[in-house]
Every structure is written in C-alpha cells, then in structure tokens.
Amino acid sequence: MKLVLASKNKKKLAELNDILSRLGVQVCSEAEAGVDVEVEETGTTFEENSLLKAKAVMEASGMPAIADDSGLCVDALNGAPGVYSARYGGEGLDDTARYRLLLENLRGQMTRTARFVSVITCCFPNGDVISARGECPGTISYAPMGEGGFGYDPVFFVPGLKKTFAQLSPEEKNAVSHRGKALEQFKTKLEEYLKKN
Ligand code: IMP
C-alpha cells in the first residue's frame, strides 16, 4: 500500500518510510503524488490539525494520506505554546529565538514540567481514519544544552536520561520521543487495519 505524507519535510518522510516499510507500506511525498497542498492549521488541538492536514491531502490526491501534528505543552504556561509551537512569538522568529522566548517567559518560574505531544492521523478515501498519540514528559531547562535535533530540543530536559533532547542521538531520541511513541502506536493500529481490510 502507498500513503502520501502531508508535509514537505524530507526528514519526516525518511523516518516514516523506515518504520512503515516493515509493513510493506510505502510513503511518498506530496510532489510524488502530484499534489501541493497548503493547509491552514486552524484547529485548537493536535488531533484537529493532524486530521485537517491528512484529510486535505487525501482529498487532493485521492490516495490514503498521513499527517502528524506536534508541539510542546508547558504546564506553567497553561499548555502553551501547544499547537502554536511552530509560530510561538510570531512568524519572524527562528528556532533559537523561539526557545529563548520560552526561557524568558519562564524566568523565575520554579514549575518547569512540560511535555511534547505528537498526533499522527491517516485518512483513507473510503472515510476510514486511524490516529495515534504519543507524549514525552520532561522539564524545561534553565539554559540551552546540546547541539542536536531541532526546535525546542536544547531546552527540553528528560530527567530519566539527565539530558536534553538536543544531547541525544537520533536513535536515543526516537526511543523516548512523542513522535517515536505515536509512530509505534500508529504502526500497530495500521497493521491491525491492514489485516482486516
Ligand atoms: P508541526 O510541524 O506543525 O507539527 O509543528 C511542530 C512544532 O513543534 C515544531 O516547529 C517545533 O517547534 C515543535 N516540535 C515538535 N516536535 C519537536 C521535537 O521533537 N523537538 C523540538 N521541537 C519540536
């Protein structure tokens, strides 16, 4: 079976193919499916945005489509930046400016607990939907540490590993990350779906 990934991110495509090829599932890019879809992420939950993206690409391509929506939820900020993680502080900021703003907004704050969330949704042309959610709990460090990863990785500290996400290898990060967990759950659900259909 072939799925289209509702994203322009080549790293996500490789990661998905790596995991899903074991089920005989091939994931292709929007370009390979002949579509270029811009979806406005108007939802207020990861589930809504993930579904919006997968549904739009499924409708444009006529093929089953998969999307993920993810972000960082900080308890002391009532769950912010949440679904707005990629846009925190406005469109003009880069990753470094965004995590600096987060540290600034938590200055003097002793409650540092947070979690990364990822929701993966797959929409089929017959109306079937499969979705999976993964969470990774952690704390926001007082200063950035590590060079790896992207986004908020340098300030997301995993107490059990005593390292930030940016200090982990990609394999170590995938083993505990929100996206790794959501993907594993998604793989199991897709496997069950394929057996029945
Ligand atoms: P999305 O691509 O719309 O799901 O936006 C996700 C945003 O959440 C990214 O731009 C990052 O700012 C943040 N994010 C999600 N997952 C991670 C991660 O694993 N590490 C660091 N930041 C992440």
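Residues numbered from 1 in each chain as written. Predicted model: local features only at pLDDT ≥ 70, side-chain atom pairs only at ≥ 80, totals over all residues. Heavy atoms only, no water.

Asker: Which residues make up the pattern of salt bridges, and what are the values?
Answerer: Counted by the stated rule, this structure contains 14 salt bridges. For Asp36, the salt bridge goes to Lys8, with nearest N and O atoms at 3.4 Å. In this pair, Asp36 is assigned in the loop between strand 2 (26-28) and helix 2 (46-61) and Lys8 in the loop between strand 1 (2-5) and helix 1 (10-20), connecting sequence segments 28 residues apart. By relative accessible area, Asp36 is classed as exposed at 61%. (Salt bridge = Lys/Arg side-chain N within 4 Å of Asp/Glu carboxyl O. Helix = DSSP H or I, 4+ residues; strand = E, 2+ residues; numbered from the N terminus. Buried < 20%, exposed > 50% of the residue type's maximum accessible area, 1.4 Å probe, protein only.)

Asker: Give me the environment of Ser61: which residues, what numbers.
Answerer: Summarising the element assignment, Ser61 is placed in helix 2. With near-sequence residues (within four places) excluded, Ser61 lies in contact with Val4, Ala33 and Val35. One polar contact links the side chain of Ser61 to the main-chain carbonyl oxygen of Val57, over a distance of 2.7 Å. (Contact = heavy atoms within 4.5 Å. Polar contact = N/O pair within 3.5 Å; in protein donor to acceptor, adjacent residues only side chain to side chain.)

Asker: How would you explain helix 1 if you had to name every residue and give the values?
Answerer: Listed in full, the buried residues belonging to helix 1 are Leu13, Leu16, Ile19 and Leu20. Seen from one end, helix 1 has its buried residues packed into an arc of 140 degrees, which puts them on one side. Of the exposed residues in helix 1, those oriented more than 90 degrees away from the buried face are Lys10, Lys11 and Asp18. With a side-chain oxygen lying 2.9 Å from the backbone nitrogen of Lys11, the N-terminal cap of helix 1 falls on Asn9. (Arc of directions from axis to C-beta.)

Keep in mind these values describe shape, not function.
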